[in-house]
Amino acid sequence: MPWQDNSGNGGGRGPWGQPPRGNGGGNNNGGRRNDPPDLEDLLQASRQRLKRAFPRGGRGGGNGGGGFNMSAATGGLVAGAVVLLWLASGIYQVATNELAVVTTFGKYDTVKGPGLHWHIPAPVQSVNKQPALTLQDTVIPANDRRSGQLSPGLMLTGDKNIVDVAFTVQWKIKSDLVPAPGEDLPGVAQFVFNIDDPAALVRMTGEAAMREVVGSNTLDFVQTEGRVEVAEESKQLMQAALDSYRAGIDIERVNMTLAEPPTQEVNEAFRDVQAAEQNQATVIQNARQYTNQVVPEARGEAQRILEEARGYAAERTADARGQAARFNEIYTEYAQAPEVTRQRMYLETVERVLGDMDKVIVDENAGSGVVPFLPLNELRRNQGAN
C-alpha cells in the first residue's frame, strides 16, 4: 500500500518534510522505495521544522529581519519546564542518622526526620542536615599537633596536689523534633543557630566541669575508687552548662582515661601506695573469707558436742533409773524369799563374771593320785568355733 502522511503536513511528505521515495518523487535512483534518505534532504527538513517553530521576523519586515521570535505556546512550555525543574529541586533525602532543619528566608520553620521530603526551593527555603543520631567523641585534653601526644591536663585537687587528667566525652545532638517545654527551638535547631564550633564548646565545658569536680576531691580519691563518681559529676555539670547555653547537645557519658601525678617519681610512689592498698584489701578479704569459713565450722562443732553431751546425760540418767528400778524389783523379791534371792544373785554374778573365761572345773572327788586328762586344745577350738 502507498505511504501516507498522518502528521497533517500534507500527503506528499515524510516525517522530516521530504517527499516519500517512489515513482513520482523525482528521485534520481530510478524510483526505488528502499533507498535511504539523502543527508541534504534531512538537513533541509530540519531547517523547515525550526522555521515553523520559530518564525522569522525583522525590524524592516520581509526577509531582512534578524533573530527568531518565540511563539506563545513554545514560551509557555519553556516557562512550565523551568518551573517544574525549580520545584523538583526542592526534593531532598534525609539519612537514617540525620535530622534536617528547614528555614524560610533564614528563619526556623520545622525539623524533618529521616526519609524523603520536599521544601520550597531556594531562595525561599533551605535545608541544613545534621548527624543528630550519631555519637561523637571529644578527647580532653586535645592532641598535641606537633608530637601527636596528649597535652598535659594538669589540675589541682582538693588536698593541694597536682594530677594529670585525661578523659573522653561522648555526645550527640538532641534529636527532638519539637521544642521542649519552655523553649522556642528544638535541640537540633539550637545546635544549628546557637553554636559555631561544637567540639570546642564541648572541650571547654568539659575542662571546666572536670576542674571543678577534681578541685573538690582528694588526689587519692580521684585516682582510685572515685574515678566513676568524678566522671558522673562532671557529666552532670557539663549537661547543665550546655543546657544553659541552649547548645542542643546531649552528653551521653564521660570516661576517665588518665588520672596520675605529673612527675615519674611521684607517680611511682602513688603506684606503690595503690599496690599496698590493694594488698591490704586482699588480706582483709582473705581474712573475712577465712572467718566466714571457720566460724560456722566452730559453731557446728560446738553444737555437735552439746548434742552429744545431752545424749550422754540422757543415756546415763535413763540407765541409772533402770538400775534403780531393777534394784527395787530385786529387793521386793528378796523380801519375799531371801535365801532363794541370794542364791539367784550369786549364780547370775558368777555367770556374768566367768561367762567369757576359759575355765575347767574339776570335782575334788574325781580321783586322788591320778592326773585327769584335760583336752584343752579341743575345748579352745570348740569355743572359738562357737
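Everything numeric in this text was worked out from a predicted model, so none of it was measured.

Caption draft 1: Up close: the overall build of the protein chain. Looking only at helices and strands, one finds nine helices and nine strands in the protein chain. Taking all 386 residues of the protein chain together, the buried fraction comes to 21%. A fraction of 58% describes how many contacts in the protein chain between residues 6 or more apart in sequence connect residues 24 or more apart. Carbon and sulfur atoms make up 55% of the accessible area of the protein chain, which amounts to about 27,100 Å² in all.

Caption draft 2: Just helix α6 (residues 227-245), in detail. The end-to-end C-alpha distance of α6, which contains 19 residues, comes to 27 Å, matching closely the 27 Å that a straight helix rising 1.5 Å per residue would cover. Here α6 has its buried residues at Val230, Ala231, Ser234, Met238, Gln239, Ala241 and Leu242. With its buried residues spanning 165 degrees around the axis, α6 presents them on a single face. The exposed set on the far side of α6, more than 90 degrees from its buried face, consists of Val228 and Ser244.

Caption draft 3: Just a negative patch on the surface, in detail. A contiguous patch of negative charge on the surface is contributed by Asp159, Asp220, Glu225, Glu229 and Glu277. Of note, Glu225 is situated in the loop between α5 (219-223) and α6. Glu225 gets classed as exposed once you look at its relative accessible area, which sits at 58%.

Caption draft 4: Highlighting a nonpolar patch on the surface. A cluster of nonpolar residues, Val83, Leu84, Trp86, Leu87, Ile91, Leu116, Trp118 and Ile120, forms a patch on the protein surface that exposes about 770 Å² of accessible area. Here Leu116 shows up in strand β4 (residues 115-118).

Caption draft 5: How the structure looks around the nonpolar core. Of all hydrophobic cores here, the largest spans 36 residues; its most connected members are Phe167, Val169, Met210, Ile249 and Met256. Taken together, the elements giving at least two residues each to this core come down to β2 (99-104), β8 (162-173), α3 (187-194), α4 (198-215), α5, α6 and β9 (249-260). Once residues within four sequence positions are removed from consideration, Val169 is found in contact with Gln136, Asp137, Thr138, Ile140, Val202, Met238, Ile251, Arg253 and Val254.

Caption draft 6: The packing of α4 against α6, seen in detail. Where α4 contacts α6, the two axes come as close as 8 Å, and the packing angle between them is 135 degrees. The angle between α4 and α6 falls in the class oblique. Like other packed secondary-structure pairs, α4 and α6 cross with a definite hand, here right-handed. For the pair α4 and α6, contact is made by Leu201, Val202, Thr205, Gly206, Ala209, Met210, Glu212, Val213 and Val214 and by Val230, Glu233, Ser234, Leu237, Met238, Ala241, Leu242 and Tyr245, respectively. Residues of the contact of α4 with α6, tallied by class, amount to twelve nonpolar, three polar and two charged.

Caption draft 7: Summary view of the sheet that holds strand β5 (residues 125-130). With antiparallel pairing, the three strands of this open sheet are ordered in space as β3-β2-β5. With partners counted over all chains shown, the strands left at the sheet margins are β3 (107-112) and β5, one partner each. Put simply, the sheet's adjacent strands are angled 25 degrees from each other on average, direction ignored. Relative to β3, β2 runs antiparallel, the two being bridged by five bridges. When the bridges of β3 are listed, Thr104 appears paired with Lys107. Against the sheet, α3 makes contact with β2, β3 and β5, and its axis sits at roughly 65 degrees relative to β2, the strand it touches most.

Caption draft 8: Here's a closer look at the pattern of salt bridges. This structure, assessed with the given rule, holds nine salt bridges. A salt bridge links Glu183 to Arg246, with the nearest nitrogen and oxygen atoms 2.9 Å apart. Residue Glu183 is found in the loop between β8 and α3, and its partner Arg246 is found in the loop between α6 and β9; the two are separated by 63 residues along the sequence. Relative accessible area serves as the criterion here: at 32%, Glu183 is assigned to the partly exposed category. Here Arg246 falls in the partly exposed class, since its relative accessible area comes to 26%. A salt bridge links Glu348 to Arg344; its shortest N-O distance comes to 3.1 Å. Note that Glu348 and Arg344 are positioned in helix α8 (residues 338-354) at a spacing of four residues, about one turn of the helix. On the accessibility criterion, Arg344 (54% relative accessible area) is exposed.

Caption draft 9: Examining the packing of aromatic side chains more closely. The final tally for this structure, using the stated rule, is one aromatic pair. Taking the centre distance of 6.5 Å and the plane angle of 35 degrees together, the rings of Trp171 and Phe191 count as tilted. Of this pair, Trp171 sits in strand β8 while Phe191 sits in helix α3; the two residues are 20 residues apart in sequence, bridging distant segments of the chain. On the basis of relative accessible area, Trp171 is assigned to the buried category, the value being 2%.

Caption draft 10: Representation of the pairing of β2. Most of β2 is tucked away: five of the six residues are buried. The sheet contact formed by β2 and β5 spans six bridges and is antiparallel. Looking at the pairing, Leu99 lines up with Gln130 of β5. Counting the residues in the hairpin turn of β2 and β3 gives two residues, including Phe105, whose phi is positive at 50 degrees.

Caption draft 11: View of the confidence of the model for the protein chain. With 71% of its residues at a pLDDT of at least 70, the protein chain reaches an overall mean of 78. Note that residues 20-34 has pLDDT below 50 and, in this model, 18 contacts with residues that lie over four places away or in other chains. Every residue in residues 57-67 scores below 50 in pLDDT, and together they form nine contacts with partners more than four places removed in sequence or on other chains.

Calculation criteria
Residues numbered from 1 in each chain as written. Predicted model: local features only at pLDDT ≥ 70, side-chain atom pairs only at ≥ 80, totals over all residues. Heavy atoms only, no water. Helix = DSSP H or I, 4+ residues; strand = E, 2+ residues; numbered from the N terminus. Buried < 20%, exposed > 50% of the residue type's maximum accessible area, 1.4 Å probe, protein only. Contact = heavy atoms within 4.5 Å. Areas by Shrake-Rupley, 256 points an atom, 1.4 Å probe, with all protein chains shown as cover. Expected span 1.5 Å × (residues − 1). Arc of directions from axis to C-beta. Patch = residues over 30% accessible without salt bridge, like charges linked within 9 Å, V, L, I, M, F, W, Y side chains within 5 Å. Salt bridge = Lys/Arg side-chain N within 4 Å of Asp/Glu carboxyl O. Lys, Arg positive; Asp, Glu negative; His and termini not counted. Charge placed at Lys NZ, Arg CZ, Asp CG, Glu CD. Core = buried A, V, L, I, M, F, W, Y, C linked by side-chain atoms within 4.5 Å. Axes fitted to C-alpha atoms, helices over the stretch in contact; angles between N-to-C directions. Parallel < 35°, antiparallel > 145°, perpendicular 65-115°, else oblique. Left-handed = near helix turned anticlockwise from the far one by under 90°. Nonpolar A, V, L, I, M, F, W, Y, C, P; charged D, E, K, R; others polar. Pairing = 2+ DSSP bridges. Phe/Tyr/Trp six-rings, centres within 6.5 Å; stacked < 30°, edge-to-face > 60°. pLDDT = per-residue confidence, 0-100.

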